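Residues per chain are reported as follows:
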Amino acid sequence: MNPVIETFSLTKRFGSNTAVNALSLRIEKGEVFGILGPNGAGKSTLLSMLCTILKPTSGTATVNGFDILRQHHEIRQSIGIVFQDPSVDADMTGLENLQMHADLYDVPVSEVGERITSVLRLVQLEDRASDYLSTYSGGMRRRLEIARGLLHYPKVLFLDEPTIGLDPQSREHMWDHIRMLRKREDMTIILTTHYMEEADRLCDRVAIIDHGRIVALDKPSVLKKSLGGDTIILGIKDGESLRALLVGNGMAEKVEVHNGEVRVTVANANILLPRIMEAAATAGIYIDYVYLNHPDMNDVFIHYTGRDLRHEEAKAPMGKMAMMRRRRVR
Amino acid sequence: MSEVRGIYTLWLREVKKFLREKPRLLNAFVQPLLWLFIFGTGMRFSAGVTEYNYQEFIFPGLVCQAMLFTAMFMGISVIWDREFGFLKEILVSPVSRPSIFLGKMLGASTDVMLQGIIIFPFAYLIGARIGLLVFLEALPIMLLITTGLVCIGLTFASVMKSFEGFGLIQTFINLPMFFLSGALFPLTNVPDWLRWVSFCNPLTYGVDAMRTVMMGNVFVPLFPLYIDIAVLFGFAVVMFLVGTWAFSRTE
Ligand SMILES: Nc1ncnc2c1ncn2[C@@H]1O[C@H](COP(=O)(O)OP(=O)(O)OP(=O)(O)O)[C@@H](O)[C@H]1O
Ligand SMILES: [Mg+2]
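First things first, this report covers the structure right here in the doc. (Residues numbered from 1 in each chain as written. Chains lettered and ligands numbered in written order. Predicted model: local features only at pLDDT ≥ 70, side-chain atom pairs only at ≥ 80, totals over all residues. Heavy atoms only, no water.)

Another point: the pairing of strand β9 (residues 205–210) of chain A. Moving residue by residue along a regular strand, the side chains alternate between the two faces of the sheet. All names here are of chain A. Taking burial as the measure, the six residues of β9 include five buried ones, the bulk of the element. Across four bridges, the pairing between strand β3 (residues 32–36) and β9 is parallel. Across the sheet, the residue bridging to Ile35 is Ala207, located in β9. In this structure, β9 lies alongside strand β10 (residues 213–218), joined through five bridges in antiparallel fashion. Each residue of the ladder has a partner; that of Ile208, found in β10, is Ala216. Hairpin geometry of β9 and β10 is characterised by an intervening segment of two residues between the two adjacent antiparallel strands and by a positive phi of about 50° at His211. (Buried < 20%, exposed > 50% of the residue type's maximum accessible area, 1.4 Å probe, protein only. Helix = DSSP H or I, 4+ residues; strand = E, 2+ residues; numbered from the N terminus. Pairing = 2+ DSSP bridges.)

Structure (structure tokens):
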């Protein structure tokens, strides 16, 4: 498969601060690719370089097969971006903002009206279209920006924290819409977010970055599994007999009995749970209650970027980087 | 073609915003009136200029002043765009930097020209007879002045990253350029140093050219018209190139 985006040791330094550090990454066509990371991890800087408004210090990248150092025009024509910070003209109406965008991107004149109507419907702002943006609420402005980013049918859409400030309904709506776009328009979507649930439910793959480097990259399900899998907790009087049963027939390896509860750690609890219930029923073991514990993206995020990781880094002996970071922390 | 469309939409935005800003339009109308009727009347009766009507003398200068202040303000408006984020939307679009600059420049220049033209009817109030022909002769001169001034403003906006410099521009560009242009007093009777400094000011040639076409024989020009025009043209071209260069470097 051809990657839509490929970066080659992409690096950006601001003075002595390395925002993006020799980052190499491939994003395939049609993916919804999530970028997670703590504040200051370098997410926005990475996106700025990919959409050619920020020059890398070293390294390069391709977007839609075009080089970010030399082919600005081609890249800009084929991408859409919703910036983290507001970028609308508040002294203009919603309609005017969209019209300007259509002109800047040379959307065929005969299609402009129709497309504006459809993106406005999508973000449910049809009835506010002729109002000045200064009279919109923050979330409405955000929605207008998203509509604007879609107006020229980009092949790649960058969304820098698109759902920040949106109410749950709008957010849910946005997710549906992003999924639909991916399917219908064959669009590749790269989004950054601080909402772990969003990354989990929306993204095909996520990269967790910290200090400008990728610390983890995979499908959300795989990342969650890498933390050790799901836990099934069964409330049961005779825990030992269930443990013997499960270990005996090879259904699970890690089974603990504790306080009248049996904790079974498995790769996929959703599939295994019915089997366990079945086996217990056949063996005549009575189960009082059951609940599941899935590790979520929050756990994954904390695992890769939390205090633990930084702590280990700081302990690395004599590492120059580590020393510097320590000083900075202080 | 796509570049032309981008330039057009940027031009349209500037003009729309200018016309919508009612307080600014009111200001644009009233300020020259104050200069003309209060300052002008006062000076007319106390400065002792006898060859011509003093109000008629400062009228072309006030047109230039209005254009100067508006040009700086409009040029600097790029800083607002940067501050409120809209500049990013423009910069990430496929429209090239020189075209963005051109669109902004044309839009701001249109505003500045409108600003200058608004003042013309006041000429009748002070008794200056400015016919259609004179008005049409003044327009190209105003256009040259406008282009150069707007490009100065845009250049500053490209270099400055925040509003902090705005007051500096008022003090170090607007007022000196205005006072040193001969807009308010003839440069024929002033000390040499003041005359020479004024000759370094491109606006001096603008004011001089405007007076040449607007005042007729009563006014003795500092320079022949063709020299005024040549200097203004050179000024416009140089500032346009400098502005394009400075703006293309912004990140
Ligand atoms: N224009 C700039 N000048 C100097 N330093 C910058 C600039 N932009 C970003 N940085 C620095 O680069 C680092 C990465 O910033 P970036 O905005 O990419 O983070 P982020 O991952 O998007 O964070 P957030 O989640 O807060 O949006 C930070 O340390 C920041 O201070
Ligand atoms: Mg960011």
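Additional details are given in the paragraphs that follow.
Glancing now at helix α9 (residues 239–248) of chain A. Residue and element names in this part refer to chain A. Those residues of α9 lying buried are Gly239, Leu242 and Leu246. The arc that holds every buried residue of α9, seen down its axis, measures 65°, which confines them to one face. Exposed side chains of α9 directed beyond 90 degrees from the buried face belong to Ala244 and Gly248. At its buried positions, α9 is contacted by β11 (230–236), β12 (254–258), β13 (261–266) and α10 (269–282). Among the residues trailing α9, Gly250 stands out with phi positive, at a value near 75°. (Arc of directions from axis to C-beta. Contact = heavy atoms within 4.5 Å.)

Attention now moves to the coordination of the magnesium ion (ligand 2). Around the magnesium ion (ligand 2), the donor atoms from the protein are Ser44 of chain A (OG) and Gln84 of chain A (OE1), and they sit 1.9 to 2.1 Å away. Residue Ser44 of chain A is located in helix α1 (residues 43–50), and its partner Gln84 of chain A is located in the loop between β6 (79–82) and α3 (94–104); the two are separated by 40 residues in the primary sequence. (Donors = N, O, S within 2.8 Å, 3.2 Å for Na, K, Ca; no water.)

Here the focus is empty space enclosed by the protein. All names here are of chain A. One pass over the full model with this rule turns up four cavities of 30 Å³ or more. Put simply, the largest cavity is a space of about 40 Å³. Around the largest cavity sit Leu122, Val123, Gln124, Arg143, Ser170, His173 and Met174, which together line it. For the lining of the largest cavity, the element with the most residues is helix α6 (residues 168–185), which contributes three residues. Looking at the lining of the largest cavity residue by residue, the classes come out as three nonpolar, three polar and one charged. (1 Å grid on protein atoms, 1.4 Å probe; cavity = no way out; pocket = protein on both sides within 12 Å on 5 of 7 lines; lining within 4 Å. Points joined across faces, edges and corners; volume = space filled by probe spheres on them. Nonpolar A, V, L, I, M, F, W, Y, C, P; charged D, E, K, R; others polar.)

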